[in-house]
Amino acid sequence: MVSGLDTALGEITLVLFTTLAPSGVVAYACMALPVLARFTADAVRQRINLFLNIPLAVSMVGLVASATHLGNPANVLYVFLGVGRSPLSTEVFCAVLFLALAGLYWLYGFAEHPRRWLQRVWLVAVMVAGAVFVAAVAFAYAADTIVSWSTPYVPVALCLNALVGGPVLAVVGLRAAGYHPVCGRFGRVLAFVSLAALVANVAVYTLQGASLPAMENSFASAADLVPHYGAMVAAFALLGVAGIGWDAIALFGFARFTVPRAVLAAVVVLAGIFVMRFAFYMMHLTVGLGV
């Protein structure tokens, strides 16, 4: 019987992809809100557009990591042939579409005289593409033959992961761009969204953990594959609280709010998400005779 640890290590690039890309999408959307706001000064809007490369780079790192899972780069052609009928192919297509739109928007920001109306429309299109991409990732693993993945907990947990990590990552980009409201009310709203998503996420993971013993095949149960599931959920919760709290201490005026501080908070939160994405791949359990 293949152990859950071996399975997750074999899918480590996908663990990284599903950790980084959804959070990068949400961070991009959060940073786009001040750009779309009418009261944002042109100079500030231009700086934010420049630093949209931060969530874009995070998402791209995730996609590049997942591409190594194809083995041969030429296999990407076969992936695109399955768009619409294969959830995994649709997931990759949506990822490429989002990154293409987001990357071209970022490059257009360097134009000498960019048209603001075009930027607004383009940015909304990027945000819609990002939402579709996150949804595609969330439902890409709903296979009837993998009983531990074919549950409502899986897509809900992934979307909540994105809402936990995305706002914290957006704080990094906005702080680097010198967007001052992120040091005040707007930043506190982002921290609250991240914390609320974290609480909901822990609840979903707890319910998922309670359902694992009942999922079994001829050799094992899903709970056997993730023997330390409870500890992993606890680590996720602690890392999430630590990262969000590290931001909150500065956002509420108890410490100086710096870019390195925001980066550290985002890394800690993403590390917590990584732990639970690793647990997700550990619980891979198929029906029939094999695991």
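This structure is a prediction, so every number in the text was calculated from the model and none was measured.

*Asks:* Would you mind showing me how to read helix α2 (residues 12–36) here?
*Replies:* Given 3.6 residues per turn, any residue in an α-helix points the same way as the ones three and four places further on. If you check α2, its first and last C-alpha atoms are 36 Å apart, about what 25 residues at 1.5 Å a residue would give, namely 36 Å. For α2, the buried fraction is high: 19 of the 25 residues fall into the buried class.

*Asks:* It is not clear to me how the packing of helix α9 (residues 185–211) against helix α11 (residues 229–251) should be interpreted in this structure. Could you clarify?
*Replies:* Packed helix pairs are characterised by how far apart their axes lie and by the angle those axes make with each other. Packing of α9 against α11 brings their axes to within 10 Å, and their N-to-C directions diverge by 170°. In terms of their interaxial angle, α9 and α11 are classed as roughly antiparallel. Touching Gly187, Arg188, Ala191, Ser194, Leu195, Leu198, Asn201, Val202, Tyr205, Gln208 and Gly209 of α9 are Tyr229, Val233, Phe236, Ala237, Gly240, Val241, Ile244 and Leu251, all from α11. In the contact of α9 with α11, the residues fall into twelve nonpolar, six polar and one charged.

*Asks:* Which parts of the structure should I look at to understand α9?
*Replies:* Between its first and last C-alpha, α9 extends 39 Å over 27 residues, near the 39 Å set by a 1.5 Å rise per residue. Where α9 is buried, its residues meet α2, α8 (153–176), α11 and α12 (259–282).

*Asks:* Just checking my understanding: could you explain the nonpolar core for this structure?
*Replies:* Note on soluble globular proteins: their nonpolar side chains tend to be buried together. Of all hydrophobic cores here, the largest spans 87 residues; its most connected members are Tyr28, Phe98 and Phe133. Counting residues per element, this core draws most heavily on α2, which supplies 13 residues. Aside from chain neighbours lying at most four places away, what touches Phe98 is Val25, Tyr28, Ser59, Val126, Ala129, Gly130 and Phe133.

*Asks:* What am I meant to see in the packing of aromatic side chains here?
*Replies:* Think of a pair of aromatic rings as described by two things: how far the centres are apart, and how the planes are tilted against each other in angle. Counted according to the given criterion, the structure contains 15 aromatic pairs. Arranged with centres 6.2 Å apart and planes meeting at 20°, the rings of Phe98 and Phe133 form a pair that is stacked. Taken together, the residues span a long stretch of sequence, with Phe98 in helix α6 (residues 87–108) and Phe133 in helix α7 (residues 116–139) at a distance of 35 residues. As far as burial versus exposure is concerned, Phe98 and Phe133 are alike and both buried. Note on Tyr141 and Trp149: the rings are 5.5 Å apart at their centroids and 90° apart in plane angle, and the pair reads as edge-to-face. As far as burial versus exposure is concerned, Tyr141 and Trp149 are alike and both buried. An aromatic cluster of three or more residues is present, and its members are Phe17, Tyr28, Phe98 and Phe133. Arg188 extends its terminal NZ or CZ atom over the ring of Phe252, reaching a point 5.5 Å from the ring centre. Sitting above the plane of the Phe280 ring, Arg277 keeps its charged end 4.4 Å from the centroid.

*Asks:* Please clarify how the pattern of salt bridges should be interpreted in this entry.
*Replies:* A side chain with one charge may pair with a side chain of the opposite charge, provided their charged atoms come close. Applying the stated criterion across every chain, the model contains two salt bridges. Ionic pairing is found between Arg45 and Asp42, a salt bridge with its closest N-O pair at 2.9 Å. In this pair, Arg45 and Asp42 both sit in helix α3 (residues 42–51), three residues apart, roughly one turn of the helix. Assessed through its relative accessible area of 4%, Arg45 is described here as buried.

Criteria and cut-off values
Each residue is numbered by its place in its chain's sequence as written, counting from 1. For a predicted model such as this one, the threshold for reporting local features is a pLDDT of at least 70, and the threshold for listing and counting side-chain atom pairs is 80 or more; totals across whole chains, interfaces and linings nevertheless cover every residue. Each side-chain value is derived from all of the structure's non-hydrogen atoms; neither hydrogens nor water enter the calculation. Helix numbering and strand numbering both begin at the N terminus, where a helix is a DSSP run of H or I of at least 4 residues and a strand a DSSP run of E of at least 2. By this rule the span expected of a helix is its residue count minus one, scaled by 1.5 Å. Partly exposed describes any residue whose relative accessible area lies between the buried limit of under 20% and the exposed limit of over 50%, with all areas from a 1.4 Å probe on protein chains only and scaled to the type maximum. Angles run from 0 to 180 degrees between N-to-C directions of axes, and those axes are lines fitted to C-alpha atoms, restricted for helices to the stretch in contact. For classification purposes, angles smaller than 35 degrees are called roughly parallel, those larger than 145 roughly antiparallel, those between 65 and 115 roughly perpendicular, and all remaining angles oblique. Contact criterion: two residues are considered in contact whenever any of their non-hydrogen atoms come within 4.5 Å of each other. Following the grouping adopted for this structure description, the nonpolar residues are Ala, Val, Leu, Ile, Met, Phe, Trp, Tyr, Cys and Pro, the charged ones are Asp, Glu, Lys and Arg, and the polar ones are all others, Gly among them. We call a set of buried Ala, Val, Leu, Ile, Met, Phe, Trp, Tyr and Cys residues a nonpolar core when their side-chain atoms join them within 4.5 Å. Working definition: rings of Phe, Tyr and Trp (its six-membered ring) pair if their centres are within 6.5 Å, and the pair is stacked with planes under 30 degrees apart, edge-to-face with planes over 60 apart, and tilted otherwise. Ring-over charges, as used throughout, are those where CZ of Arg or NZ of Lys falls within 6 Å of the ring centre and within 35 degrees of the ring normal. Salt bridges are defined by distance alone: a side-chain nitrogen of Lys or Arg within 4 Å of a carboxyl oxygen of Asp or Glu.

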